[in-house]
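Spelled out, the chains give:
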Amino acid sequence: MKRPPQRFEQMVRGHLRENAAGLALAGACIAGYSAAELLAPWPLKLILDHLLLEKPLPETLRFLAPLIAERPETAIILIASAILGIAALKGLFSYTQVYVTSRIGYQIVHKVRRELFAHLQRLSLSFHSRSRAGELLTKVTSDTNVLKDAFSGSLLELAGHTLTLTGMCVILFALNARLAAVVVLTLPLLAALIFTIYKRGKTSARRQRESEGVVAARIGEILHLTPLVRAFARERVEEDRFEQESARTLENSIRTARVEAAAGRAVEITHAAGVWAAVLFGSLLAWRGEMTPGDLLVFSAYLTSLYKPLRNLAKLSTQFSKAMVSAERIEQILAAEPDIPALRGGVVAQGLAGEINFFEVTFGYDPARPVLRGINLRIRAGERVALVGASGAGKSTIAGLLLRFHKPDSGRIRVDGVDIQDYDSESYRRQIGVVLQDTLLFGATIRENIAYGKPDATSQEIEAAARQAAAHEFIACLADGYATVIGERGSTLSGGQRQRICLARAILMKPSLMILDEPTSAVDAESSRLIHQAIEQAQRGKTTIVIAHQFHAMRTFDRILVLDRGSIVEQGSHDELLKRQGLYWELHQSEEVSI
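All of these numbers come straight from a predicted model, not from anything done at the bench. Throughout this description, residue numbers start from 1 for each chain and increase along the sequence as written. Thresholds applied to this predicted model are a pLDDT of at least 70 for local features of residues and 80 or more for the giving and counting of side-chain atom pairs; totals over whole chains, interfaces and linings are not thresholded and use all residues. Remark: hydrogens and water are excluded; side-chain values derive from all non-hydrogen atoms of the structure.

**Some words on the overall build of the chain**
Heads up, the rule is: The helix and strand labels rest on DSSP assignments: H or I over at least four residues marks a helix, E over at least two residues marks a strand, and numbering proceeds from the N terminus. Whether a residue is buried, partly exposed or exposed follows from its accessible area with a 1.4 Å probe, protein chains only, as a fraction of its type maximum: under 20%, in between, or over 50%, in that order. Contacts are assigned to residue pairs with any non-hydrogen atoms lying within 4.5 Å of each other. In these tables, accessible area is a Shrake-Rupley quantity obtained with a 1.4 Å probe, and a residue counts as shielded only by the protein chains included in the view.
Of the regular secondary structure elements, the chain holds 21 helices and ten strands. Counting only residues that meet the buried cut, the chain has 47% of its 595 residues in that class. A sequence separation of at least 24 residues applies to 78% of the contacts in the chain between residues at least 6 apart. Accessible surface computed for the chain: about 30100 Å², of which carbon and sulfur atoms make up 57%.

This is the structure:
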């Protein structure tokens, strides 16, 4: 069996070590259950051979001779009652083992999911842009759940079945070596079948998990784009596409089920062959007097019990094959490293003045195709700067580099004289207030959304930030005010309302720097006016970078940087740039400005 990937294996082993006491208890229960399983047929042998057929007791049971001779009815009752006692012990051991291993299994799922979620949070935006959210969701939820049984209960169950099989084989050979040898001859065939089933099951499980991830990704994408699908009347097309992808999942799931069914049937056929051999040769031996009817009864009972764990081993092989596939899929996430590792213990950013310097900064999402080329830039503390230019000029990339979403391919970026790569990541980002072009809101209350960057903010602080962002008036008009629960991604609010809540969220943090990425790109004229008023008030005394395309507000900025094909080609005030009649003038004169 191929070992799980190292990083994932270390995580699981670490958790199992933490639960060593529980595993030891579960192991003891497995051993107790196996012992009880081995004892189960013996009361019937005692009654049949030594009470009904009056055969002499073996040396180990001679202490029962007086009871059987003087009070046979009592002996029958006691020996028969042992059947109930053994069953009660099996039930107790089984219950304890299942409870303990299930608890450990669910804890493993919890720990792996928590680690996966935390790791996804640390991964770079480039990773998330390449990945499909539905596929990642399947790995975090479904794949981790597959591991629950395999890495806790199933491993112990495998040990228990192995222990039971070993004990039964020893007893079978002790009862009659020739008959046991006939039965054991079927085991290599069964082992080969189980190994083959495991390999086929792993291949089938991998295809099934991949197709399930594709379906999950499709569902997530369509649910997000439902308005677009309806606007273009593409419901039938999307239904057909989903039908095709779901059909592939169905086919792979049926193939996996067929492998699992084949495992059970293979064991049953082998079991039937073993029972046939045991009954045939055992009956002949008993007829010749070479073994007692009780021995044949115990032998047959063990033989029936022998194939029960073998059936379970075949089932476990398919579970392990699925678990190995899930482990590999989870390792794909764990093995991914962020482009910019989160720096802990670096320079603590606190009360920044906000002076920004770019030194020969070059960057490309594909290093062979740079988006920014040799950017040299100084923004003074408290300066208000606008970035303008055509779409793809590099405006948002500058903001992303400053936020440490990406790392320059070459060059350095300093804030207050310190390379931003040397700042403690968390403290640095807390000094920056961000309003992104996409209004990212949670399906929670307005209060929770505004206080997202400062969860301990008071109601007075939240309301003050909302007033400064020109959001308080419309919030107060809502039925539940700040306690109003908005739809996912703020779908129950207008575009302008969402932008103002995002602005209030940034203001509440009282940042040293503010980065606003086209804050009025998708709102009406009135909302745009209110947002610009709020920005003017919020940016007083703070270094502010605004990615903008509405030229009527450009006079409010201290400096405007014009980008073209990854380079700063012009800079100055609004009036100065218009007088030059360069690229800025062309953009200003254009009826449709594409940003």
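**Quick word on the packing of aromatic side chains**
The way to describe two aromatic rings as a pair is by their centre distance and the angle between their planes. This is how the line gets drawn: Only the six-membered ring of Trp is used, alongside the rings of Phe and Tyr, when aromatic pairs are assigned; centres must lie within 6.5 Å, and planes under 30 degrees apart are stacked while those over 60 apart are edge-to-face, with the rest tilted. Any Lys NZ or Arg CZ found within 6 Å of a ring centre and within 35 degrees of that ring's normal is scored as a charge over the ring.
Under the criterion given, the structure shown has three aromatic pairs. Ring plane angle 15° and centroid distance 6.5 Å describe the contact between Y95 and Y99, whose orientation is recorded as stacked. Linking Y95 with Y99, this pair stays in helix 5 (residues 72-122), spanning four residues, or about one helical turn. Residue classification places Y95 among the exposed residues on the basis of a relative accessible area of 57%. A centroid spacing of 5.3 Å and a plane angle of 15° characterise the contact between Y423 and Y428, whose relative ring orientation is stacked. Across the pair, Y428 and Y423 agree in class, each one buried. Across from the ring centre of F359, 5.5 Å away, lies the NZ or CZ of R412, which sits over that ring.

**A look at the pairing of strand 7 (residues 513-517)**
Rule in force here: When DSSP locates at least two bridges between a pair of strands, those strands are taken to pair.
By the criterion of burial, strand 7 is predominantly enclosed, with five of the five residues buried. The alternating pattern of strand 7 places L513, I515 and D517 on one face and M514 and L516 on the opposite face, and all of these are buried. Here strand 6 (residues 432-435) runs beside strand 7; their pairing, made up of four bridges, is parallel. Its bridge partner lying in strand 7, V435 is registered against L516.

**Regarding a nonpolar patch on the surface**
Threshold: Distance thresholds for patches are 9 Å for like charges and 5 Å for nonpolar side chains (Val, Leu, Ile, Met, Phe, Trp, Tyr), applied to residues having over 30% relative accessible area and no salt bridge. Here, a salt bridge means any side-chain nitrogen of Lys or Arg that lies within 4 Å of a carboxyl oxygen of Asp or Glu.
A contiguous nonpolar patch, built from W276, L280, F281, L284 and W287 and spanning about 610 Å² of accessible area, is present on the exposed surface. Structurally, the position occupied by W276 is in helix 11 (residues 235-287). Classification of W276 by relative accessible area gives exposed; the value is 58%.

**Structural notes on the pattern of salt bridges**
A complete count under the given rule lists seven salt bridges for this structure. A salt bridge links E355 to R378; its shortest N-O distance comes to 3.5 Å. Separated by 23 residues along the polypeptide, E355 in the loop between helix 12 (293-334) and strand 1 (356-363) and R378 in strand 2 (residues 372-379) bring together distant segments of the chain. Taking relative accessible area as the criterion, E355 reaches 28% and is therefore assigned partly exposed. For R384, the salt bridge identified is with D558, shortest N-O distance 3.2 Å. Here D558 lies in the loop between strand 8 (543-547) and strand 9 (559-564) and R384 lies in strand 3 (residues 384-389), a separation of 174 residues in the sequence. Here the salt bridges share partners, and the residues they tie into one network are R380, E383 and R559.

**A word on the nonpolar core**
Here is a general trend for soluble globular proteins: nonpolar side chains tend to be buried in one another's company. Going by this rule: Put simply, buried Ala, Val, Leu, Ile, Met, Phe, Trp, Tyr and Cys residues joined by side-chain atoms within 4.5 Å make one nonpolar core.
By size, the foremost hydrophobic cluster in this structure holds 38 residues, and its most contacted members are I450, I475, M554, I560 and Y584. Among the elements that take part in this core, helix 18 (residues 495-508) stands out by supplying seven residues, more than any other. Not counting residues within four places of it along the chain, the set of residues in contact with I475 comprises I446, I450, A466, G481 and Y482.

**Observations concerning unusual backbone geometry**
Most peptide bonds take the trans form, and the phi angle of most residues other than glycine is negative. Although it is not a glycine, D416 sits at a positive phi angle of roughly 55°. In this structure D416 comes out as partly exposed when scored by relative accessible area, which is 28%. In the Ramachandran plot, Q581 falls in the positive-phi region, its phi being about 55° despite a non-glycine side chain. In this structure, Q581 sits in the loop between helix 20 (574-580) and helix 21 (583-589).

**Structural notes on the environment of I507**
Mapping I507 onto the fold places it in helix 18. Along the backbone, I507 and V435 are 72 residues apart, and their C-alpha atoms lie at a distance of 9.7 Å.

**Section: the sheet that holds strand 7**
For clarity, the threshold we go by: Lines fitted to the C-alpha atoms define the axes, with helices restricted to the stretch that makes contact. Angles between their N-to-C directions range from 0 to 180 degrees.
Strand order in the open sheet formed by six strands is 6-7-8-3-9-10, with mixed pairing between adjacent strands. For this open sheet the edge positions go to strand 6 and strand 10 (567-572), each flanked by a neighbour on one side alone. Neighbouring strand axes in the sheet, compared pairwise and without regard to direction, differ in orientation by 20° on average. Sheet topology note: the strand 3/strand 9 ladder contains five bridges and is parallel. Within strand 9, the position partnered with V388 by the bridge is V562. Across the sheet, helix 18 lies against strand 6 and strand 7, angled at about 175° from strand 6, the strand it touches most.

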